[in-house]
Amino acid sequence: MPSASRNHPTFEQTVSSDFFAALSEPVVIVDKKGVIRHANEHIPSVFERSVDSLVATAIQSHLSVSFDFHADILTPLSETTADDQLQLRVGLRKTSTKIGITAVSVEDGVALLFAPANNNPIVTNAINHREEMYRTLIESFPNGTVHLYDDSLRFTLSEGQLFSEIDYEPSDFIGKTLDEVFETSVYEKLKPVYQSAIEGRSESIELDVPADDRSYRVMSSPVRNDAGAVVQGMVVTQDITSEIEMREQLEREEKRFHELATHIDEVFWISTPDKSKMLYVSPAYADIWGRSCESLLNDAYSFLDNVHPDDRDRINTAIEKQTQREYDEEYRIVRPDGSIRWVRDQAFLVREAGEIVRIVGTSKDITTRKQYEQTLTSLHDATQEMMSAETTVDIARITVTAASTILNHSLAGCYLFDPTSYQLYPASVTDDATEYVQGPVSAENGDSVAWRAFENNAVEIEEQVSVPSVVDGSTTLFNYIVAIPVGNDGVLTVGSTEDTPVNGERMQLAELLCANAAAAMARCEREETLRQRERTLETRNEELERLHRITEVTRSVTNTLVRSNTRTEIEQSVCATLAGTRTYQFARMLRYDRIEAALTEVETAGIDRRHTTTDVDTTARALRAAQTATTVVESDIVGSVSQPRRRHALRNRYGSVAAVPLLDGSHVYGVLEIFADRANAFGSRERDALSEVGETIGYAIASTERHAAMISDELVEVSFTISDPESIFAQFAQAVNGTITHSGLIALDDGTSRIFVTVETTEHTTNELLSRLTDFDRVSHATVLLEDPKPTVAVHVTNIALFDVLLAHSGALISLTANTRGFDATVSIPSATLVSDFISEVGGAYDSFTLTAKQQREHPPRSIEDFQTALRNELSTRELDILQTAYISGYFETPRAVSGSELAERLDITASTFHRTLRRGLKSMLDASLTTSSE
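About the thresholds
- Residues numbered from 1 in each chain as written.
- Predicted model: local features only at pLDDT ≥ 70, side-chain atom pairs only at ≥ 80, totals over all residues.
- Heavy atoms only, no water.
- UniProt positions renumbered as here; feature names shortened; annotations may be inferred.
- Helix = DSSP H or I, 4+ residues; strand = E, 2+ residues; numbered from the N terminus.
- Buried < 20%, exposed > 50% of the residue type's maximum accessible area, 1.4 Å probe, protein only.
- Contact = heavy atoms within 4.5 Å.
- Areas by Shrake-Rupley, 256 points an atom, 1.4 Å probe, with all protein chains shown as cover.
- Pairing = 2+ DSSP bridges.
- Axes fitted to C-alpha atoms, helices over the stretch in contact; angles between N-to-C directions.
- Patch = residues over 30% accessible without salt bridge, like charges linked within 9 Å, V, L, I, M, F, W, Y side chains within 5 Å.
- Salt bridge = Lys/Arg side-chain N within 4 Å of Asp/Glu carboxyl O.
- Lys, Arg positive; Asp, Glu negative; His and termini not counted.
- Charge placed at Lys NZ, Arg CZ, Asp CG, Glu CD.
- Core = buried A, V, L, I, M, F, W, Y, C linked by side-chain atoms within 4.5 Å.
- Expected span 1.5 Å × (residues − 1).
- Polar contact = N/O pair within 3.5 Å; in protein donor to acceptor, adjacent residues only side chain to side chain.

You'll find the protein entered in an unreviewed UniProt entry as histidine kinase, with Natronocalculus amylovorans given as the organism. In its Catalytic activity (unreviewed entry) section, UniProt records this for the protein: "ATP + protein L-histidine = ADP + protein N-phospho-L-histidine."

A few points about the overall build of the protein
When its secondary structure is counted, the protein shows 28 helices and 33 strands. The buried share among the 935 residues of the protein stands at 47%. Considering only contacts within the protein whose residues lie at least 6 apart along the sequence, 56% involve residues at least 24 apart. For the protein, the exposed area adds up to about 46400 Å²; of that, 48% sits on carbon and sulfur atoms.

Section: the sheet that holds strand β20 (residues 490-496)
Strand order in the open sheet formed by five strands is β17-β16-β20-β19-β18, with antiparallel pairing between adjacent strands. Strands at the two margins of the open sheet, each flanked by one partner only, are β17 (423-429) and β18 (460-468). Shown here is a sheet whose adjacent strand axes are inclined to one another by a mean of 35°, direction ignored. Across six bridges, strand β16 (residues 411-418) lies against β17 in antiparallel orientation. Bridging across to β17, Cys414 finds its partner in Ser428.

Here we look at a negative patch on the surface
A contiguous patch of negative charge, built from Glu107, Asp208, Asp213, Glu245, Glu248 and Glu251, is present on the exposed surface. No other element matches the three residues that helix α8 (residues 241-263) contributes to the negative patch. Structurally, Glu251 can be placed in helix α8.

Let's talk about the nonpolar core
With 40 residues, the main nonpolar core has Phe720, Phe729, Phe732, Val795, Leu802, Phe823 and Phe838 as its most contacted residues. Residue contributions to this core peak at six residues, all from helix α21 (residues 728-736). Excluding its chain neighbours within four sequence positions, the residues that come into contact with Val795 are Phe732, Ser753, Arg754, Ile755, Val757, Leu773, Val779, His781 and Ala782.

Some remarks on helix α23 (residues 801-808)
For α23, the complete set of buried residues consists of Leu802, Phe803, Val805, Leu806 and Ala808. Downstream of α23 by one or two residues, Ser810 has phi in the positive range, about 55°.

A look at helix α26 (residues 877-888)
Its 12 residues place the ends of α26 16 Å apart at the C-alpha level, agreeing with the 16 Å of an ideal helix rising 1.5 Å per residue. Among all positions of α26, only Glu879, Asp881, Ile882, Leu883, Thr885, Ala886 and Ile888 are buried. Immediately downstream of α26, the backbone of Gly890 shows phi near 85°, a positive value.

Digging into the side chain of His409
Checked against the element boundaries, His409 lands in the loop between α13 (392-406) and β16. A distance of 2.7 Å separates a polar atom in the side chain of His409 from a polar atom in the side chain of Tyr480. In contact with His409, other than residues within four places in its own chain, are Ser404, Tyr480, Val494, Gly495 and Ser496.

What about a nonpolar patch on the surface?
Together, Tyr887, Phe892, Leu922 and Met925 give the surface a local cluster of nonpolar side chains, amounting to about 400 Å² of exposed area. Relative to the helices and strands, Met925 is located in helix α28 (residues 911-934).

The following block contains the structure:
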């Protein structure tokens, strides 16, 4: 009999409803006619309408006019398998916005999951909101009817609130039998239930009554007396029409729940409040963890076995607090095959009456997102590092490392363009790519993908490329090689041997990386230009400072030399002056003995003798300067010399040394050593300036010694033989086939010398003699002064070693006789201190030097010397030359051997000039003679 009842949700209803509500994406259930039957709370964000206003409306009315539910969704789904899903993009009619839809077949229609069109709904439909999974099951029986009947199945009592809702009254039952109340079809179904109570058993059935379109639950039980005997039966009838409808709805929803849980990529799970048991886990768990769902259902904590060791402690701590608060963690898991994945694990507490009744959660594979984040991090870090890199090669290295991470390929390299050779040269490559780098790339091998990308300034991709190894010559097949231009500076190349396509999204990041690298290289080049300008400016400033320092040193030394009268004073004052400047630490002076090839330290200034070591050869450097007559510099004493010299430098606090020879012409008087407190203190300009200072000091020493020699009361006569047929005097004798005898020597202002020689020969006329004597490079011209009794010739010569040495030592030629084999000479040297130098220098100028005699004697009387000095002070060198030529030519003989006009012609002067010079000379001799005599 029909009866009324209240709806009671089952456990399956609760699970399905909670899952449907927990989906964080908008979802609707549409029947096969296209009518919306269900919508979750997120659907208003799509259609801007409430859930109630959407239910029972056609889905077609909310989407674009071009959308056809049957053609676009229903028909395609019917042609797929049960587990397949359909994805499409559809415009919203109200806003024209494109939106993505994932359609999944369910029992009585289609589930539509909405998401932005550029996302994958199955990947991104995270279940973000969790509602309670279990509602309290309301235990209350509905109003119904209660009947008592006897063993003939005749009703004796009928009561109940259900009678107010159906077409029967209690009076329709009382006093009538079961078959009198119900039609035969119903009677046949009810009779066994009624009869069982009479027989002492309880039984129930569910009964559909088509007449009133209702369903009932009929439950019978025996009524016993105190003795336990069955005295009548009792039937309770309840209207369960709503309950059956709800049960069917729950079954459909349960099916939809399993279909959705199966199709989404996230893990959906339910556990007890204390996490002791896992109540449910969706199939995606097996896909993500690589473990069976049963393993988690059997052990709620077994998923922790896969957590990465580096994350395990953190997750264990978080799990312990999961029963007290919401939980949201990201961590890595290691699948059984060894691969690593990132997951985001979330959990929500479901409360009823303030008590936690269960925990629901989702786990999502976020490996792709994490890899992308790591890629972005690599790009950001690389860009930051590029901005602080100092060279383009450093930027190339950073680019290669970052590109290898971004594109997930270990074969990468960066080529930089060399504008001088018009080539791309490999600036940086990964270790795995080293064996495939062939060298520079240019237009000559323009078929190279790298050159094409650089030349076209565009990304180039070459597929299926065989690349030889530079190690063993074997070839490797690359699936593809990508070349990305790095501005105008080079090309990034990345290759893959794996059978995977180029990832477009990552390629865009790689292109951005190369753009950043190009900007960094441009910045680096600008900074290098600025640094170069700064270095140039710094170099110029240093040169100016150095020039100022050199000028200061030169001026100081020059002033010192002006005030010094002896060699010792020069040596002392120069050392003190240099050591006292702000440029140098200390200085020392060494005298050079050319015969012994040895140096003797004679003066120092500024050096601390406490730190002088005895195990260091401190003269080797100076000796090299003396022997080569060039300045010798040691730029870095501490960093480049032996241990004893290093110790000497450190103790005396100097870093570089210049050994400067003291020169007067080719004569080396000694060496000046200058010590600076830093390495590389002597540049090329300073070295040249110090060499000039050395020459100035050498000239000053020579001048003082010549002056000392001139005022000395002693002379040394030196006689020697030169057995050298190649000497100029032997060559003169060879030319005339006779002997040559010196009769006078004059050093002229133009650097040449005029030597007066007498020729003894019978084979040549006077003109032949002149021709033969002038046939030498070192003879500019010759003039015959006397022809009888022996020819006397004035010869102008240059570069005569003997004369140069005599002049340097203020000596005089006393006699010289030459034959075809060499010559014998006697000279006078003003001071004994110069003799050894003179002998050494003459011996070095001629082969087979033999000293035959050396005699010391008193200087000639002072009156003669004074006379000669006074005469030289009055007359010029040219005037003395004219007088001496006239004297030697016999002009003053009686009778005269030559006339004044002849001498004027020979001297290339006018007759009036000759006679004027002669009168001036006579007056000067008289003045000198009378002045000397009177004194």
